[in-house]
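# An overview of the molecular structure
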Amino acid sequence: MAYYIHPLKQGFKLATQKAIVEYFAKEDQTSIVETFIESNREKRTGFFEAIRYCKKHDYCLVIANLRVLSLDVDLIFKAKQQLGDLFKSCDLPTSDRLSISIAIGFLQRNKELYAIKSKAAFSVLKAQGKIFGSSQNFTPETRKMGRIAFQKKASTNPKKKQLVQIISKCRAQRMSFDQIANELNKKGFTTIRGKRFYRATVKRLNLP
């Protein structure tokens, strides 16, 4: 058998998924021959690679839980259609289409109920005076510290140093944050995370 695991932000982490599938394999008296870890959350390249591999070698593809596939009904049924009984989810005694449909329905309902409870709890805390997203951490002192840290980091990086110079020049020309963001994007600059610049992004830099 082969198994597919997905690096979710919360809940079923890699080690948890691995432990579940290994236990499943032991109970089923079989062995794991290949592991597929998702590298592209949007295109699911790892998942489709796992399907092709299992079809080619006539292996069973196992996932720890249906939530690993983000409750994507089309994706789950696509795997079931291509692999048939060679597609298994450890949280289901039998992974036929009916069982999968019922399980997905329950999981989706639980997800909706959790959202409702979270929203209700948030409303109660807000009514009690709890402040969320407080601006108390953005004092003049902390802004100054953030600016100093950014400029210090920029001084050791030629590209960031150039970015600071461009922003400072734009500010001297009394350009708006939107205009500065457009200027940086036109010149090919990106944020630390490789994203486009926006008004809020430039504003958070706290440059003089």
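Now for a look at the structure at hand. (Residues numbered from 1 in each chain as written. Predicted model: local features only at pLDDT ≥ 70, side-chain atom pairs only at ≥ 80, totals over all residues. Heavy atoms only, no water.)

All right, on to the overall build of the protein then. Each helix and strand in the protein was counted, giving eight helices and four strands. Written out in order from the N terminus, the α and β elements of the protein read β-α-β-α-β-α-β-α-α-α-α-α. Residues counted as buried form 30% of the 208 residues belonging to the protein. Total accessible area on the protein is roughly 14,400 Å²; 53% of this is exposed by carbon and sulfur atoms. (Helix = DSSP H or I, 4+ residues; strand = E, 2+ residues; numbered from the N terminus. Buried < 20%, exposed > 50% of the residue type's maximum accessible area, 1.4 Å probe, protein only. Areas by Shrake-Rupley, 256 points an atom, 1.4 Å probe, with all protein chains shown as cover.)

The next point concerns the pattern of salt bridges. Counted by the stated rule, this structure contains three salt bridges. Among the salt bridges present, the one from Glu183 reaches Lys186, with a minimum N-O distance of 3.8 Å. Of this pair, Glu183 and Lys186 both sit in helix H7 (residues 177-186), three residues apart, which is roughly one turn of the helix. With a relative accessible area of 68%, Lys186 lands in the exposed category. Relative accessible area serves as the criterion here: at 22%, Glu183 is assigned to the partly exposed category. Ionic contacts of the salt-bridge type, sharing partners, join the residues Glu183, Lys186 and Lys187 into one network. (Salt bridge = Lys/Arg side-chain N within 4 Å of Asp/Glu carboxyl O.)

So, on to the side chain of Asn65. Tracing the backbone shows Asn65 in the loop between strand S3 (61-63) and helix H3 (73-83). For Asn65, a relative accessible area of 8% corresponds to the buried category. Side chain to side chain, Asn65 and Asp91 meet in a polar contact 3.5 Å long. (Polar contact = N/O pair within 3.5 Å; in protein donor to acceptor, adjacent residues only side chain to side chain.)

Core analysis: the biggest nonpolar cluster contains 20 residues, and Phe47, Leu61, Leu66, Leu69, Ile76, Phe87 and Ile100 have the highest contact counts within it. Looking at this core, the elements that each hand over two or more residues are helix H2 (45-57), S3, H3 and helix H4 (97-127). Of all the elements, H3 adds the most residues to this core, at five residues. Core analysis: the second largest hydrophobic core is formed by eleven residues, Cys170, Met175, Leu184 and Val202 among them. (Core = buried A, V, L, I, M, F, W, Y, C linked by side-chain atoms within 4.5 Å.)

One non-glycine residue, Gln29, lies in the positive phi region at around 55°. Turning to its location among the elements, Gln29 is positioned in the loop between helix H1 (14-27) and strand S2 (34-37). Judged by its relative accessible area of 76%, Gln29 is exposed. Within the chain, Asp58 stands out as a residue other than glycine whose phi angle is a positive 60°. Its location among the elements puts Asp58 in the loop between H2 and S3.

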